[in-house]
Amino acid sequence: MEMLPELEKERSQSTLRNDKPQDEDKQDDAPHYPSSASLALIVLSLNLAIFLVGLDNTILSSAIPKITDQFHALGDVGWYASAYLLTNCAFQLIWGKLFTFYVVKWVYLMALFLFELGSLICAVAPSSTVLIIGRAIAGVGGSGVGNGSFLLIAHCVPQHRRPTFIGIMGAMYGFAAIAGPLMGGAFTDKVSWRLCFYINLPLGAILALVIFFFIAPFRGSKKDEVGFLNQLKQMDLPGTMCLIPGIVCLLLALQWGGSVYPWKNGRVVALLVLAGVLFIGFVAIQYVSGDRATVPRRVFSNRNVWGSALFGSCVTAGFFMMLYYIPIWLQAVKGVSAIKSGVMNLPMLLSYVLFSFVGGSLTSVIGYYMPFAYLTVILMSIGSGLLSTLQVDSGHAKWIGYQVIFGAGVGNGLQTAFAAPQCTLSLEDIPIGTAVVLFTENLSAAVFVSVAQNVFSNQLKTNLATYAPDADARAILSGGATEVKSLVPQSLYPAVLFAYNKALNQTFYVGVALSCCAVLGFLGMQWVSVKKKEDTPSE
């Protein structure tokens, strides 16, 4: 039985240049995927893109002291990370829309250009303000590069092979998390902190060349809106004008609340209220806009999309929370240096990388991703629960083994969150579905890292008042994790250490709750075979 003309046209879409020149709109009778050699080059390049985007999240952590020394701007430290995170999250859904209605190749190169431009501005920044602006521009481009990389994988490999490559890309992101602080420290000590940004330029140029020469121009959707006004309508400008300011207000409130200003301060309260109003406005606009919405109803009403978004949000938020607070436990309780705590955090990160690759490969082999969603909840819940039992005298076997269990769960989970929309949505809806997952993951990570910070601060105050009432709680809270021993008299140190450990245990409960809540996400996801032939949603 012959395929319907529309489906045949969609499946015959080519993403790789053939040896013979072809018209952009001309379609063959069957899908064309890259040869093994070309696919290897494309996949390596896309993994390089994920590495660069992931690297920008962590590479500055070791360079910040030298940057603040040069610019004399210690108060701007929070913005070096926040500026990138804020714009990366705010523009995620916008890039999903751009990839849907315009030629994917050119949109991807535009995103890469913005990422490179932001990196160049940071590299030559004469002041802290310029550095923050560069970080914001890089964040805008980085969100498009990350989204587009997953989309190009969907067009370059058959559906049943996608989980393997998604797992590889997830592993590469984890590798960037490992390499970032080490590379940043090496560049800063041996050459200059500016090399943390200069390194993006030649590597980004290599990526651009591969995309330009090996990816053919194709649209993310068959719908071709003619005219500038029609294109603007498709971009859902009213929704965008609510979404971006809403995210900015929320992240600013989380950045300032409890640190720069008290949570009851009028600025923080106003930002939270304004964020809530803008988000309600965005949802209302999405409801009435139909297919013109930033997130069309047909996409988010798909249970696999909202299930993946909820599942991935819990996994990502739990992962980043532990990524921040396990090193604090190692530094404060075990008394190791910041660099050594990074090395002692490797069991979780290496486990994450390994199981991300293994989980993706096994998904392609057995044909189903849902078993790994179940495994994620089990391993993350056990791992985070065990981490919350760490004591001052816990040995290597415990803090290493617990990290391995938790990291294994995260590795399986993150690739599963992306595999579901990739394998259940039509090709034209994949960029929006992927953007929804990335957006909710980034936003939840920002929110719950802030939640964990407030839990830790409040519990530390309470515990110090209970177990070490004579200690200077203000000095301990304002000091660094490695300075605890020098901030209190030796006679009070054991009690302070016990209070500090207990506060971190209670902070890890946030990770336990997030790990358990991930079950709500996978209950919404369907058991869909990645080996089915059609690139259509499963009903």
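Residues numbered from 1 in each chain as written. Predicted model: local features only at pLDDT ≥ 70, side-chain atom pairs only at ≥ 80, totals over all residues. Heavy atoms only, no water.

- The name given to the protein chain in an unreviewed UniProt entry is Major facilitator superfamily domain-containing protein, and the organism recorded there is Aspergillus coremiiformis.
- Taken from UniProt, the Sequence similarities (unreviewed entry) comment for the protein chain reads in full: "Belongs to the major facilitator superfamily. TCR/Tet family."
- According to UniProt, the comment filed for the protein chain under the heading Subcellular location (unreviewed entry) is "Membrane". (UniProt positions renumbered as here; feature names shortened; annotations may be inferred.)

Topic: the overall build of the protein chain
No. 1: Counting its regular elements, the protein chain contains 23 helices and zero strands.
No. 2: Here the protein chain holds 539 residues, and 57% of them are scored as buried. (Helix = DSSP H or I, 4+ residues; strand = E, 2+ residues; numbered from the N terminus. Buried < 20%, exposed > 50% of the residue type's maximum accessible area, 1.4 Å probe, protein only.)

Some thoughts on helix α8 (residues 162-190)
No. 1: With 29 residues, α8 extends 40 Å between its outermost C-alpha atoms, agreeing within 8% with the 42 Å of an ideal straight helix rising 1.5 Å per residue.
No. 2: For α8, the principal kink sits at Ala179 and spans about 35 degrees; a proline, Pro181, occurs within the next four residues. (Expected span 1.5 Å × (residues − 1). Bend = angle between axes of the 7 residues up to and from the residue.)

Focus: a nonpolar patch on the surface
No. 1: Taken together, Leu354, Phe357, Val358, Leu362, Val365, Ile366, Tyr368, Tyr374 and Trp527 make up a surface patch of nonpolar side chains, about 830 Å² in accessible area.
No. 2: Broken down by element, the nonpolar patch gets its largest block of residues, six residues, from helix α17 (residues 346-366).
No. 3: Structurally, Phe357 is set in helix α17. (Patch = residues over 30% accessible without salt bridge, like charges linked within 9 Å, V, L, I, M, F, W, Y side chains within 5 Å. Areas by Shrake-Rupley, 256 points an atom, 1.4 Å probe, with all protein chains shown as cover. Salt bridge = Lys/Arg side-chain N within 4 Å of Asp/Glu carboxyl O.)

Overview of the pattern of salt bridges
No. 1: Taken as a whole and judged by the stated rule, the model has two salt bridges.
No. 2: The residue Asp56 makes a salt bridge to Arg135 at a minimum N-O spacing of 3.4 Å. Highlighted residues: Asp56 in helix α2 (residues 36-58) and Arg135 in helix α7 (residues 128-156), separated in sequence by 79 residues. The same class applies to Asp56 as to Arg135, namely buried.
No. 3: A salt bridge links Asp429 to Arg298, with the nearest nitrogen and oxygen atoms 2.8 Å apart. Here the residue Asp429 occupies a position in the loop between α19 (396-424) and α20 (430-467), and Arg298 occupies one in helix α14 (residues 297-300), the gap between them amounting to 131 residues.

Re the nonpolar core
Side chains of nonpolar character tend, in soluble globular proteins, to be buried together.
No. 1: Tyr80, Tyr108, Leu131, Phe311, Tyr369 and Val496 are the most contacted members of the largest nonpolar core, which totals 166 residues.
No. 2: Residue contributions to this core peak at 16 residues, all from helix α15 (residues 303-332).
No. 3: Once you skip the residues sitting within four places of it in the chain, Tyr80 turns out to touch Leu60, Ile64, Ile67, Thr68, Phe71, Ala73, Ser128, Leu131, Ile132 and Arg135. (Core = buried A, V, L, I, M, F, W, Y, C linked by side-chain atoms within 4.5 Å. Contact = heavy atoms within 4.5 Å.)

Topic: the packing of aromatic side chains
No. 1: This structure, assessed with the given rule, holds 15 aromatic pairs.
No. 2: Each ring, one from Phe71 and one from Trp193, has its centre 5.7 Å from the other, and the planes form 75 degrees; the classification is edge-to-face. Of the two residues, Phe71 sits in helix α3 (residues 64-71) while Trp193 sits in the loop between α8 and α9 (195-198), which places them 122 residues apart along the sequence. Taken individually, Phe71 and Trp193 each receive the classification buried, so the pair is uniform in this respect. (Phe/Tyr/Trp six-rings, centres within 6.5 Å; stacked < 30°, edge-to-face > 60°.)

Describing the environment of Leu117
No. 1: On the secondary structure map, Leu117 appears in helix α6 (residues 104-123).
No. 2: Taking C-alpha positions, Leu117 is 8.7 Å from Leu201, a pair spaced 84 residues apart along the chain.

Quick look at the packing of α8 against α19
No. 1: Packing of α8 against α19 leaves a shortest axis separation of 9 Å and a crossing angle of 145 degrees. Read as a crossing pair, α8 and α19 show a hand that is right-handed. Two secondary-structure elements touch here, α8 through Arg162, Pro163, Ile166 and Gly167 and α19 through Gln415, Phe418, Ala419, Gln422 and Cys423.
No. 2: For the contact of α8 with α19, a count of residues per class yields five nonpolar, three polar and one charged. (Axes fitted to C-alpha atoms, helices over the stretch in contact; angles between N-to-C directions. Left-handed = near helix turned anticlockwise from the far one by under 90°. Nonpolar A, V, L, I, M, F, W, Y, C, P; charged D, E, K, R; others polar.)

A few points about the side chain of Thr294
No. 1: Relative to the helices and strands, Thr294 resides in the loop between α13 (266-289) and α14.
No. 2: Apart from residues no more than four positions distant in its own chain, Thr294 is found in contact with Leu93, Lys97, Met235, Asp236, Thr240, Phe282, Gln286 and Ile432.

Here's the deal with the side chain of Lys97
No. 1: Checked against the element boundaries, Lys97 lands in helix α5 (residues 92-101).
No. 2: With near-sequence residues (within four places) excluded, Lys97 lies in contact with Gln234, Met235, Asp291, Arg292, Ala293, Thr294 and Pro296.

Section: the confidence of the model for the protein chain
Interpretation of the predicted coordinates at a detailed level should be avoided for regions scoring low in pLDDT.
No. 1: The share of residues in the protein chain with pLDDT of 70 or more is 87%, and the mean pLDDT across the chain is 82.
No. 2: Ranking the elements of the protein chain by mean pLDDT puts helix α1 (residues 5-11) last, at 40, and α6 first, at 94.
No. 3: In the predicted structure, residues 1-30 sits below a pLDDT of 50 and forms 53 contacts with residues beyond four places in sequence or in another chain.
No. 4: Segment residues 533-539 is flagged for pLDDT under 50; beyond a separation of four residues in sequence, or across chains, it makes 21 contacts in the model. (pLDDT = per-residue confidence, 0-100.)

Observations regarding the environment of Ile285
No. 1: Counting through the fold element by element, Ile285 comes out in helix α13.
No. 2: Looking at Ile285, the relative accessible area reads 18%, which means it is buried.
No. 3: C-alpha of Ile285 to C-alpha of Asp236: the two residues are 49 residues apart in sequence and 8.7 Å apart in space.
No. 4: Discounting residues that sit within four places of it in the chain, Ile285 has contacts with Asp236, Pro238, Gly239 and Cys242.

With respect to α7
No. 1: The terminal C-alpha atoms of α7 lie 41 Å apart, and with 29 residues this matches the ideal 42 Å at 1.5 Å per residue to within 8%.
No. 2: In terms of burial, α7 is largely enclosed, as 24 of its 29 residues are buried.

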